[in-house]
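Structural characterization, general
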Amino acid sequence: MSVEKRIKDALLPFGDPVEKSFLYAAADDLPRQYYTFSASSRGDDFGDDVPGCEVWQVSVHFFAPLEGDFSQRRQQTKRALHRAGFTWPRCIDAGDQEGQHLVFECEIAEEVDLDGEV
């Protein structure tokens, strides 16, 4: 299962939109609250100059209105990502006067597929 699918499967049950690297800031009609995410990878666990796995570094962003207490959602999001196989997420409060913005940072490792072999 791809990293993107793992993220979406973990977060879609909350009922909010989940989009990869989608910039809602340019949209005219913003959802009330939503998730976006990005991921980058690097090789790790090298042997004979070949990576044994690929480590994905993931940032998940949750945007919501200023009003409301989203502390429960913060914990639910962490648990959902962890259940999907990611490391326990670090959470950064990046909100401002415009709205709430929580950034969840975590990782996941996948075996490297070299020439169709895992």
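Since we're looking at a predicted model, the values are computed, not measured.

1. What about the pattern of salt bridges?
- Using the criterion set out here, one finds five salt bridges in the structure.
- In this structure, Lys20 and Glu4 form a salt bridge, with 3.7 Å as the shortest nitrogen-oxygen distance. Here Glu4 lies in helix α1 (residues 3–11) and Lys20 lies in strand β1 (residues 18–20), a separation of 16 residues in the sequence.
- Looking at Lys20, the relative accessible area reads 46%, which means it is partly exposed.

2. A look at α1
- Every buried residue of α1 is accounted for by Val3, Ile7, Ala10 and Leu11. Projection of α1 onto a plane perpendicular to its axis shows the buried side chains occupying an angular sector of 85 degrees, all on one side.

3. Some words on the confidence of the model for the protein chain
- Across the protein chain, the average pLDDT comes to 87, with 90% of residues at 70 or higher.
- Here strand β2 (residues 34–47) stands out as the element of the protein chain with the lowest mean pLDDT, 84, in contrast to helix α2 (residues 71–83), whose mean of 97 is the highest.

4. Quick word on α2
- Here α2 contains 13 residues, and its C-alpha end-to-end distance of 19 Å stays within 8% of the 18 Å for a straight helix at 1.5 Å per residue.
- Of the residues making up α2, those classed as buried are Arg73, Thr77, Lys78, Ala80 and Leu81. The arc that holds the buried residues of α2, viewed along the axis, is 165 degrees, so those residues lie on one side. Among the exposed residues of α2, those pointing more than 90 degrees away from its buried face are Gln72 and Arg83.

5. Examining the packing of aromatic side chains
- One pass over the full model with this rule turns up four aromatic pairs.
- Ring centres of Tyr34 and Phe63 lie 5.0 Å apart, and the angle between their planes is 25 degrees; this geometry places the pair in the stacked category. A residue pair is termed long-range when its members are at least 10 positions apart, and Tyr34 in strand β2 and Phe63 in strand β3 (residues 50–64) qualify at 29 residues.
- According to the relative accessible area criterion, Phe63 is partly exposed, its value standing at 24%.
- With a centroid separation of 4.9 Å and 45 degrees between ring planes, the pair formed by Tyr35 and Phe62 is classed as tilted. Pair noted here: Tyr35 is in strand β2 and Phe62 is in strand β3, with a separation of 27 residues, a long-range link. Summarising the burial analysis for this pair, Tyr35 and Phe62 share the class buried.
- Following the ring pairs from residue to residue traces out a cluster consisting of Phe14, Tyr35, Phe62 and Phe70.

6. A closer look at the environment of Gly52
- Relative to the elements of secondary structure, Gly52 occurs in strand β3.
- Separated by 57 residues in sequence, Gly52 and Ala109 have C-alpha atoms that sit 9.8 Å apart.

7. Observations regarding the nonpolar core
- In terms of nonpolar packing, the biggest core is built from 20 residues, with Ile7, Leu11, Val58, Val60, Phe62, Leu81 and Phe86 touching the most fellow members.
- Listing elements by their share of this core, those giving two or more residues are α1, β2, β3, α2 and β5 (100–111).

8. So, the pairing of strand β4 (residues 90–93)
- Direction of pairing for β4 relative to β5: antiparallel, over a ladder of four bridges. Each residue of the ladder has a partner; that of Cys91, found in β5, is Phe104.
- Connecting β4 to the next strand, β5, in antiparallel fashion are six residues.

Cut-offs and rules
Residues numbered from 1 in each chain as written. Predicted model: local features only at pLDDT ≥ 70, side-chain atom pairs only at ≥ 80, totals over all residues. Heavy atoms only, no water. Salt bridge = Lys/Arg side-chain N within 4 Å of Asp/Glu carboxyl O. Helix = DSSP H or I, 4+ residues; strand = E, 2+ residues; numbered from the N terminus. Buried < 20%, exposed > 50% of the residue type's maximum accessible area, 1.4 Å probe, protein only. Arc of directions from axis to C-beta. pLDDT = per-residue confidence, 0-100. Expected span 1.5 Å × (residues − 1). Phe/Tyr/Trp six-rings, centres within 6.5 Å; stacked < 30°, edge-to-face > 60°. Core = buried A, V, L, I, M, F, W, Y, C linked by side-chain atoms within 4.5 Å. Pairing = 2+ DSSP bridges.

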